[in-house]
Amino acid sequence: MGVLVCGVVVLTLICQSHSLDGATNPLHRFKRYQESASSEPNDCTTRTRQPMVLSKSGNFSLDVRMPGVSPTVSDTYLCVAVPVPTTRDAYIVDFEPHASMDTAHHMLLYGCGTPVSTTNYWDCGSVKGTCEDEASIMYAWARNAPPTRLPPDVGFKVGGKSRITYFVLQIHYGDVHAFSDHHRDCSGLTLRMTSKPQPFIAGMYLMMSVTTVILPGNKVTNADVACTYNSYPIYPFAFRTHTHKLGQVVSGYRIRDGKWTLIGRQTPQLPQAFYPATEGINVKYGDTLAARCVFTGEGRTTNTYIGGTSDDEMCNFYMMYYMESRHAAPFQECMEDGSKELFQNIPPEANVPITVPPEMMMHNMMHSAGAPSTPEHQDDMALLQPKREEEEVLDQEYHLEEVTDWPESPLQLGQVSGLALDSDDNLVIFHRGDHQWGVNSFDNSGKYQQQSLGPIQQSTILVVDPVKGSVLKASGRNMFYLPHGITTDKDNNYWVTDVALHQVFKLSSDGRDKPLVVLGEAFEPGSDKEHFCKPTDVAVDPVTGNVYVSDGYCNARILKFSPEGKYLSHWGAGSSDRRRRVQFRIPHSLVFLPDRRELCVADRENGRIQCFVAESGEFVKEIKKQEFGGEVFAISYAPVHGGLIYAVNGESAYGRSAPLKGFVINYSTKEILDDFSPENTQEFGMPHDIVVTKDGRVFVGDAATDSVLKFSSDKAEHRSVKKGGIEVQEIEETETIIQTRLKPQHRVEVAVAKVQIPVATQQKTAEPVQEQPQKTQQQEDDKDKTLAKQTAQGVSPAVITTLLLIPLVVVISIGVLIRYRKNRMYGDGCEVKLEQTSSGGILGKLRGKAAGGLNLGNFFATHKGYTRQGFDRLSTEGSDQEKDDDNDTDSENEEYSAPPPPVGPSSSS
């Protein structure tokens, strides 16, 4: 009886908990919306009243649907507002539509701060529009398009300080004959969301023609749109085309240096989904974005204009992109007519209509009529669905360990100063033979003092088998005095630096020791365009062939040269930055990031890694960790798993030294994923350079021990989990794993390196455990049975009562935990700040009644032949952004507000 009473009390407490949550939880606004959305109950509206689906990892789903509407006039535009159900930052990572083209012509999802109405749905094809303030298009759907899934680590940011506190769903009901039975429509979509901060913020760029007139009977009419892009870099990952019945094909391009690069091309007569954009493409300041819609006027007897009804036309090219979170702009647009001169150079493909297979059109009609889809049709739709990169997310217990049996035979090396890899992943070692860098090597002006020793007579460049460690070929005799950095270009030429000669050389890998290019003057230090002072390293752009030199021990700068050695430009850590960041203190190592078009620098004495836009030298990011201990000697890069930086540190001259290690760092999150060091041999003495092969093996050159060490993760246990759908993978706190991601580029799709387990390891794992004798096992079983019997006989009523109360205690604990987690989940605060964007452009001149928006219905109505009903007002998010120094992250403020350590004598090498 007591147990029953306690159970009733617990149920009462839980019910009270839910009722109190409604008053304080941000979900209260959402619940009020559900309750007031429709006063007439039916099956449709009942489905819209489902609460959010929460999970302990911060993932949840939100339904945004029409509340049982029944339009009575064709080409009606209806809107409904749904509050974002959290005051904290949240991220949309998946859009799942619930609509059919026999009912809805198209859907648009906007984000804004103040919708026109918050109490019920409204006619938004009139002057009311969607939002009182800026409206950002976040999603678009038409013609039975499948769900849209964003790439990993990318999300549309809402809530918090994003200025998006409401979603506004707009649906265009084209033909009301579908409502002849007076049914009520609850079309809409489900948003898959997470509270987990996403490294990259998604946005929408819309190119739209507003002036095109399609003449009757004309076989071809082109609508051309083009704008110059004037903002921070964006990385398109999906595109969508939209026209009405007359559209044949829509194509979008990026134009850079006169070259047209396709972003996406599709017929709008297929399901108007978001399709994958061209892999690896980016758009940066100064590029031109252009789109062409090809229409036919055949079958029409009057002019066709751009407008909002089904008999009008539209020319829209939507582009989903992502940006670095601190530069994120949620919506940008282009509505300018492209010039005839510009579009004379458009690729011919843009003028070729895409034929829609008859079976696909038949399938679309069957699907829209509610016919059951067969497995074959489902396969067709799967082909049309935007790929979510079909990647494997590697959640693994990953750790690099030294390969102690490498090399098989000792290598005869001097001070190892540089490492590189050729196109076959062979290891290239640059060493100093019998020369050493000592305290007497240079005078105070940087001049080399030991020329009398002559050049190094040994072969300073060795090509080594990465598996066995045997020397494959050797070169570089009698050329160098104090070798330092080495890299290879796409043709396997060597680019090397010599700090004694103050020069940079390009050498052929064919063994002939005659330089192809020489930069700098031998033994003459300097700081102009023709001289270096102890240059440290070289990086080469594999696409353009441009050469970057870190210079170096005396000068704090990066110089850029053409492949032929012509000076192009140079920069320092703070020379082009209004924040006046701390200057380089020995830029010691360089690596070019081909998938991101960036150059990263190991700024040795500042103990940091800085990355720049390679072409312009614009600062991108800094990675500075306490684990580095004030020194970063060298870096390498692997474009797998979204980008991994490999680094080695060194001893600091300022008393901030940390253990000498190698590090694996996530480029996007700056998180140290792994650290490693020699475990079975000597410790690191002076790890001077590092490279990583395509299969994940790491080599470290040590200048103090005259050796090269090899590290591998083969012995680690790997678990590969395919990431399907949109569910964000949950990470158990008790596990030590690396969560890596695949992503563009600044590549959107990057292959995951396969991990091979050595045969010896497999055999060791497969060794069977010796079985216990059968008699012993039987004795153990008998013991267990006897003990269980004795225990059962000795159980008292008090123990039974205690056991019955345990479930009650568990229920109470669960109730308390639910309330605690809800309070945590929906508390105030934010994690990432979204920068404000400016407004401007043509939309500023064409605004409708509501401030901050354009109602194209009004705009079209002012032009002869344009129908008034129609397309909704658009955002005026401007693209002319300035960097906001006050909006940088706290970590950056900490890094740059502290004064630099006093300059003292730096260690050499």
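Preceding this section is the structure that the text describes.
Residues numbered from 1 in each chain as written. Predicted model: local features only at pLDDT ≥ 70, side-chain atom pairs only at ≥ 80, totals over all residues. Heavy atoms only, no water.

Undergrad: How would you summarise the overall build of the protein chain if you had to cite specific residues and measurements?
TA: If you tally the helices and strands in the protein chain, you get 11 helices and 49 strands. Burial statistics for the protein chain: of 909 residues in total, 55% are counted as buried. Of the roughly 39800 Å² of accessible surface on the protein chain, a fraction of 52% belongs to carbon and sulfur atoms. (Helix = DSSP H or I, 4+ residues; strand = E, 2+ residues; numbered from the N terminus. Buried < 20%, exposed > 50% of the residue type's maximum accessible area, 1.4 Å probe, protein only. Areas by Shrake-Rupley, 256 points an atom, 1.4 Å probe, with all protein chains shown as cover.)

Undergrad: Summarise the side chain of Glu622; cite the residues concerned and give the values.
TA: Here Glu622 shows up in strand S40 (residues 619-623). A polar side-chain atom of Glu622 sits 3.4 Å from a polar atom in the side chain of Arg608. (Polar contact = N/O pair within 3.5 Å; in protein donor to acceptor, adjacent residues only side chain to side chain.)

Undergrad: Can you lay out the nonpolar core for me, pointing to particular residues and giving the numbers?
TA: Among the nonpolar cores identified, the biggest contains 92 residues, and Phe95, Phe167 and Leu191 are the most heavily contacted of them. Core analysis: the second largest hydrophobic core is formed by 23 residues, Val428, Tyr448, Val499 and Leu507 among them. (Core = buried A, V, L, I, M, F, W, Y, C linked by side-chain atoms within 4.5 Å.)

Undergrad: Can you break down the sheet that holds strand S7 (residues 136-142) residue by residue, with the values?
TA: Spatial strand order, S6-S3-S10-S5-S7: five strands in an open sheet with antiparallel pairing. Of all strands in the sheet, those bounded by a partner on one side alone are strand S6 (122-123) and S7. Across two bridges, strand S3 (residues 76-83) lies against S6 in antiparallel orientation. Following the sheet pairing, Leu78 is matched in S6 by Asp123. (Pairing = 2+ DSSP bridges.)

Undergrad: Requested: an account of the pattern of salt bridges, with residues and values cited.
TA: The tally for this structure, following the rule as stated, stands at 16 salt bridges. Ionic pairing is found between Asp63 and Arg65, a salt bridge with its closest N-O pair at 3.9 Å. You'll find Asp63 and Arg65 in the same group, each marked buried. A salt bridge links Arg192 to Glu96; the shortest N-O distance between them is 2.4 Å. Highlighted residues: Arg192 in strand S11 (residues 188-194) and Glu96 in strand S4 (residues 90-98), separated in sequence by 96 residues. Through salt bridges with shared partners, a single network forms among Asp603, Arg608 and Glu622. (Salt bridge = Lys/Arg side-chain N within 4 Å of Asp/Glu carboxyl O.)

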